[in-house]
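# Structure at a glance
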Amino acid sequence: MAEIAVASHPIDAVLRRDRLPHIWCPGCGIGAVMACYARAILESGIPLDKHICVSGIGCSARVPGYMNLDTYHTTHGRAIPFATGLKLVNPELQVTVFSGDGDLFAIGGNHFIHAARRNIDINVFCVNNFNYGMTGGQAGPTTPMGSFTTTTPYGNVEPPFNLAALAAACGAVFVARWTALHVRQAQEAMQRAMQKKGFAFVEIVAPCPVSFGKSNDIGEGVDEMWMYRKQCVVNDDADVTKIDVTMGKEAELVVGNFLDIERPAYMGYGKEVLGEA
Amino acid sequence: MTGNARVLTGQHFLMGDVACAEGGLAAGCDFFAGYPITPSTEIAERLSRRLPEVGGVFTQMEDEIASMAAIIGASMAGARAMTATSGPGFSLMMENIGLAVMMEAPCVVVDVQRGSPSTGLPTLAGQADVMQAKWGSHGDYEIVAYAPSSPQESFDLVIKAFNTADRYRIPVFVMADEVIGHTAERVTIPPADQIPRVQRKRPRYAPGDESFLPFRAEDEDLVPPMVHAGEGYRVNVDSLTHDEKGYPATFAEPHDRLVRRLAAKIRQNAHQIIEYEELLLDDAQVVVVAYGCTARSARRAVALARQEGIRAGLLRLITLWPFAGQKVWELSSQAAAFVVPELNLGQMITQVERFTSHPVVGVNHAGGAIMPPEPILDAIREVVM
Amino acid sequence: MAEALLRRPLDGATVHIPRGQVFIIPDRCKGCDFCIDFCPRDVLVESQTTNTKGYHYPVVAPGKDGECANCQFCTIICPEYAIYTEEAQDSPEANPPLAEVSQ
């Protein structure tokens, strides 16, 4: 049975087909992660009309533009406070912030830590590709030490964030890390995040071959995917404080669903605080 | 606090900040996000007590950037949303004020101005944010800014600001100042059914109708109907230049078309938006143009000038933006000079100068105290000599 | 003798290996090779021809007809939504029980 050429894909049901093909480069992992989100939505049991996707700025922040939902492409770093206002006004909505590491953790870092602290009931799905891809590959808050980017031509000298540890320390009730290769696990983590009442964070490590992989001796997107295949260790019980992502050639890349706890979700300072309901 | 009603109908003795908060509640404000900053904090404090009473939501954010983002998100979910701040916070809000313009998100921002630049005079008055209100965010856009001169007007103008915001799908500013914010006077709150309420224009199409283009302005007012999150329209709302469908369209032609429409929906409707108060202008040879707390001193200066036989009058700006240029131009045919007192080093005076060829004299102080009537009177005397 | 040592599931005679039919949307492909590299049965290779964007899209490799087990990994790993599989709707002869599959 040879392949059959067709014109559409089952996942198109959740996508804005008239916007495809998307803007991402060959070998970029964002498209695969977006498909995880799309399948998680389809499997969530929550009507599509109640799913809201909010993003900041950057390659990963282009995801909502392709999702056939109510979508909001906001300013750089500000997706989380935008989503906070939206969610507090209409708690019925399933609000997901889908953005990148630079957007969420550099310019948007303050919003991330406070949203996690409050435990606002949103999902934050972060594609971590270790650099600012859209602006041409500058260093960011997740760029591994020693990495070469267009603004670290002699190697990066700043230690990066361990996003899972940061999210857990700030109060997130669900914390997971997967890669663009772990598409089934990432989808499942996203579904769990959607079911979770509170601030749920899923980091998805993904290749950015054009702006990061090629200049750091990783190679093409598929080469970085092989790196995940060989170096990833699944450990849900890992100590999140000890699972930095170094992208070293021999280093373990620990993935898993690390944290799933209960904590009262933030509903805003509304009628609930009167203690009458 | 005085009970649980949303609209506290009756006579009250309120400071301007509290009147702003009550104006918001009377207007139907459902959502406030803010960050403490003198001299606006009383607005947040009041609403943190009052919003839970009336079924609304208050939230204190991590900074003013987040506050502004949150009220835009709330607006997109259907709420009447507001924030309040002062100069340093207003600066931080500028980024997302541009977002509100681009997304056409109706919302209200109260700026209780203090002495500036930078941290400046946290507890003392200024009027030096009025140009920032117009030009503070990057790019071409038009906004509406009201300037209250009393606590009563603070109440009234916040209501008006909400209606203007919803009417045109824009952020609207209430440019108060520390003197007005912290002055307590009688405020009359009318019955709830007498509070004017403009409803947002809503789509005439059902969700799923392919012919619905959410950012197409089908009406002459150039305002597209507003879709709220979760209604089934599945709209993309974008900070990027977008086409009528809401999709990114980052090219020269759609950009020019979009930015022109965003500006034109205010420019072509400016005559319906612009408001001012006229005092003794019928025969005025000298016109004082003033706003906010300075207008109170200007009123006194005009009265003193009249006692001296000088035919002075006051044009009190209620909307700073759009500017009442047409009125200044009309007054130029009878008046010989203009006097513009401001608690800044000359901001709105540049607008007056654009619409007259007569002498325009500024009376300026960088801020820190209300301007007394005397320097304004001196300027009036000077221009008629 | 090798035949006798092979482990076989007890229900091997009745369980059918799912068969997949590969569907391609050639013009969406950007040639990342994710589907080709990570297909557990090495069913896919790059096409000889290019699509309208100039990329070699995946096709079923020569001699691999019938090898797709419909695991759908290509469906979910493809960042371009350019490939998917469905369970093949073919005759039992073309989809023999596990026991008959050549080892």
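## Describing the overall build of chain C
Secondary structure summary: chain C contains three helices and four strands in total. Counted from the first residue to the last, chain C has its helices and strands arranged as α-β-α-β-β-α-β. When each of the 103 residues of chain C is scored for burial, the buried share is 47%. Taking contacts inside chain C between residues at least 6 apart in sequence as the whole, the part at least 24 apart equals 65%. Of the roughly 5,600 Å² of accessible surface on chain C, a fraction of 54% belongs to carbon and sulfur atoms.

## Section: the arrangement of the chains
For the two pairs of chains in contact, the maximum contact count is reached by chains A and B. Nothing in chain B touches chain C, and the closest approach of their C-alpha atoms is 19 Å.

## A word on unusual backbone geometry
Excluding glycine, most residues fall at negative phi; most peptide bonds, likewise, are trans. Here the amide bond leading from Leu20 of chain A into Pro21 of chain A is cis, since omega sits at 0°, within 30 degrees of zero. Considering the arrangement of structural elements, one finds Pro21 of chain A in the loop between strand E1 (4-5) and helix H1 (30-44). A positive phi angle, close to 75°, is found at Asp33 of chain C, a residue other than glycine.

## Quick word on the interface of chain C and chain A
Tallying the contact residues gives 35 residues for chain C and 38 residues for chain A. A combined buried area of about 3,000 Å² lies between chain C and chain A, and 63% of that area is made up of carbon and sulfur atoms. When residues of chain C are sorted by the area they lose upon contact with chain A, Phe38, Ile76 and Tyr81 of chain C head the list and together hold 26% of the total. Seen at the junction of chain C and chain A, the total is one salt bridge. We note a salt bridge from Arg28 of chain C to Asp12 of chain A, for which the minimum N-O separation is 2.8 Å. Where chain C packs against chain A, one counts 14 residue pairs in polar contact (both at pLDDT 80 or more). For the side of chain C that touches chain A, the secondary structure elements donating two or more residues are strand E1 (20-24), helix H2 (34-38), strand E3 (58-60), helix H3 (73-77) and strand E4 (83-87) of chain C. Ranked by the residues each element gives to the side of chain C that touches chain A, the list is headed by E1 of chain C, at five residues. Of the residues contributing to the side of chain C that touches chain A, the split by class is 22 nonpolar, five polar and eight charged. Looking at chain direction, E1 of chain A and E1 of chain C are connected through two bridges and run parallel. If you follow Ala5 of chain A over to E1 of chain C, its bridge partner there is Ile24 of chain C.

## Let's talk about the interface of chain B and chain A
Contact residues are listed per partner, giving 42 residues for chain B and 42 residues for chain A. Summing the contributions of chain B and of chain A, the shared interface buries around 3,300 Å²; its carbon and sulfur component is 56%. It is Glu62, Arg234 and Tyr247 of chain B that lose the most area in chain B upon contact with chain A, and together they represent 21% of the buried surface on that side. The tally of links between chain B and chain A comes to four salt bridges.

## Remarks on the pairing of strand E13 (residues 312-317) of chain B
Residues and elements named next belong to chain B. Among the six residues of E13, six are classified as buried, and the element is accordingly described as predominantly covered. The two faces of E13 match: Ala312, Leu314 and Arg316 on one face and Gly313, Leu315 and Leu317 on the other face are all buried. Bridging between strand E11 (residues 276-279) and E13 involves four bridges; their strand directions are antiparallel. Counted as the bridge partner of Tyr276 is Leu317 from E13. The pairing of strand E12 (residues 286-290) with E13 spans five bridges and is parallel. Its bridge partner lying in E13, Val287 is registered against Gly313. Regarding the hand of the β-α-β motif, the stretch spanning E12, helix H10 (residues 292-307) and E13 is right-handed.

## Quick word on the confidence of the model for chain C
All names here are of chain C. When pLDDT is averaged across chain C, the result is 86; 82% of the residues are at 70 or more. Low confidence marks residues 99-103, where pLDDT is under 50. Its contacts with residues over four positions away, or in another chain, come to eight contacts. Scoring of the predicted complex yields 0.96 for pTM and 0.97 for ipTM.

## Quick word on the environment of Thr71 of chain A
Residue placement: Thr71 of chain A occurs in strand E3 (residues 70-73). As for Thr71 of chain A and Val97 of chain A, which are separated by 26 residues in sequence, their C-alpha atoms are 9.9 Å apart. What Thr71 of chain A contacts, discounting residues up to four positions off in sequence, is Arg16, Cys53 and Pro64 of chain A together with Val235, Asn236 and Val237 of chain B. Here Asn236 of chain B takes part through its side chain, which lies 2.7 Å from a polar atom of the side chain of Thr71 of chain A.

## Some points on the nonpolar core
If you look at the biggest cluster of nonpolar residues, it comprises 102 residues, and the most contacted ones within it are Tyr72, Phe82, Phe199 and Phe201 of chain A together with Phe31 and Leu320 of chain B. The greatest single-element share of this core, amounting to nine residues, is contributed by helix H4 (residues 87-103) of chain B. Apart from the residues within four sequence positions on either side, Leu320 of chain B is in contact with Val130, Ala145, Ala147, Met175, Tyr291 and Met348 of chain B. Formed by 62 residues, the second largest nonpolar core is a distinct cluster that contains Val202, Val205 and Ala206 of chain A together with Ile77 of chain C.

## Brief notes about the side chain of His111 of chain A
Assignment of secondary structure puts His111 of chain A in helix H5 (residues 109-118). Residues contacting His111 of chain A, with those up to four places away along its chain left out, are Gly77, Arg78, Ile80 and Pro81 of chain A together with Glu62, Asp63, Ile65 and Ala66 of chain B.

## Focus on the sheet that holds E13 of chain B
All names here are of chain B. If you walk across this open sheet you meet the five strands as E11-E13-E12-E15-E16, and the pairing is mixed. Of all strands in the sheet, those with a lone pairing partner are E11 and strand E16 (360-364), marking the two edges. Neighbour to neighbour, the strand axes of the sheet diverge by 20° on average, direction disregarded. In this structure, strand E15 (residues 337-342) lies alongside E16, joined through five bridges in parallel fashion. For Pro341, the partnering residue across the bridge sits in E16 and is Val363. Against the sheet, helix H13 (residues 373-384) contacts E12, E13, E15 and E16, and its axis sits at roughly 160° relative to E15.

## Some details on the packing of aromatic side chains
Where two aromatic rings form a pair, the distance of their centres and the angle of their planes describe that pair. Enumeration according to the criterion identifies 18 aromatic pairs over all chains in this entry. For the ring pair Trp24 of chain A and Tyr66 of chain A, a centre distance of 5.2 Å and an interplane angle of 70° mean the geometry is edge-to-face. With Trp24 of chain A in the loop between E1 and H1 and Tyr66 of chain A in helix H2 (residues 63-66), this pair connects stretches of sequence that are 42 residues apart. If you follow Lys134 of chain B out to its NZ or CZ, it ends over the ring of Tyr141 of chain B, 5.5 Å from the centre. The ring of Tyr168 of chain B carries the charged tip of Arg167 of chain B above its face, separated from the ring centre by 4.8 Å.

## A few points about the sheet that holds E1 of chain A
Sheet strands line up and pair through hydrogen bonds in the backbone, either parallel or antiparallel. On the basis of which strands lie adjacent, the open sheet formed by three strands has the order E1(A)-E1(C)-E4(C) and mixed pairing. With partners counted over all chains shown, the strands left at the sheet margins are E1 of chain A together with E4 of chain C, one partner each.

## Details of a nonpolar patch on the surface
A cluster of nonpolar residues, Tyr269, Val273 and Leu274 of chain A, forms a patch on the protein surface that exposes about 250 Å² of accessible area. Residue position: Tyr269 of chain A is located in the segment after strand E9 (253-260).

## Let's talk about the pairing of strand E8 (residues 171-177) of chain B
All names here are of chain B. Counting buried positions over the seven residues of E8 gives seven, a clear majority of the element. What you see with E8 is no split at all: Pro171, Phe173, Met175 and Asp177 on one side and Val172, Val174 and Ala176 on the other are buried throughout. With seven bridges joining them, strand E5 (residues 107-115) and E8 adopt parallel strand pairing. Bridged to Gln113 within E8 is Asp177. Taken together, the three bridges between strand E7 (residues 144-146) and E8 define a ladder with parallel strand orientation. The partner of Tyr146 across the bridge, within E8, is Val174. Note that the unit made of E7, helix H6 (residues 151-168) and E8 has a crossover that is right-handed.

Reading guide: rules and limits
Within each chain, residues carry numbers counting from 1 in the order of the written sequence. All chains are assigned letters beginning with A, and all ligands numbers beginning with 1, in the order in which they are written. Owing to the predicted nature of the model, reporting of local features is limited to residues with pLDDT of at least 70; listing and counting of side-chain atom pairs is limited to 80 or more, with chain, interface and lining totals taken over all residues. Remark: hydrogens and water are excluded; side-chain values derive from all non-hydrogen atoms of the structure. In DSSP terms, a helix is any run of H or I states spanning at least four residues, a strand is any run of E spanning at least two, and both are numbered starting from the N terminus. Relative accessible area decides the class of each residue, using a 1.4 Å probe on protein chains only: under 20% of the type maximum gives buried, over 50% gives exposed, and in between gives partly exposed. Residues are treated as being in contact if the distance between any of their heavy atoms lies within 4.5 Å. In short, Shrake-Rupley with a 1.4 Å probe defines the accessible areas, and a residue's cover is counted only from the protein chains shown. Two parts placed together each lose some accessible area under a 1.4 Å probe, and the buried area is that loss summed for both. Salt bridges are counted wherever a side-chain nitrogen of Lys or Arg sits within 4 Å of a carboxyl oxygen of Asp or Glu. Definition of a polar contact: a pair of N or O atoms within 3.5 Å, with one able to donate and the other able to accept a hydrogen when the atoms are protein atoms, and with sequence-neighbouring residues admitted only if both atoms are side-chain atoms. Put simply, Ala, Val, Leu, Ile, Met, Phe, Trp, Tyr, Cys and Pro go in the nonpolar bin, Asp, Glu, Lys and Arg in the charged bin, and everything else, Gly too, in the polar bin. Note on pairing: DSSP must find at least two bridges between two strands before they are called paired. Handedness of a crossover is defined as follows: with both strands directed away from the viewer, a clockwise route from the first strand across the helix to the second makes it right-handed. What pLDDT conveys is the predictor's confidence in a given residue, as a value from 0 to 100. Nonpolar cores are built from buried Ala, Val, Leu, Ile, Met, Phe, Trp, Tyr and Cys residues. Side-chain atoms within 4.5 Å join them into one set. A fitted line through C-alpha atoms represents every axis, and for helices the fit uses only the stretch in contact; the resulting angles, taken between N-to-C directions, go from 0 to 180 degrees. Stacked, edge-to-face and tilted are the three classes for Phe, Tyr and Trp ring pairs, Trp counted by its six-membered ring, which pair at centre distances within 6.5 Å; planes under 30 degrees apart are stacked, over 60 edge-to-face, the rest tilted. A positively charged side chain is recorded as over a ring if its NZ (Lys) or CZ (Arg) lies within 6 Å of the ring centre. The angle to the ring normal must also be within 35 degrees. To count toward a patch, a residue needs a relative accessible area over 30% and no salt bridge; like charges are then connected within 9 Å, while nonpolar side chains (Val, Leu, Ile, Met, Phe, Trp, Tyr) are connected within 5 Å.

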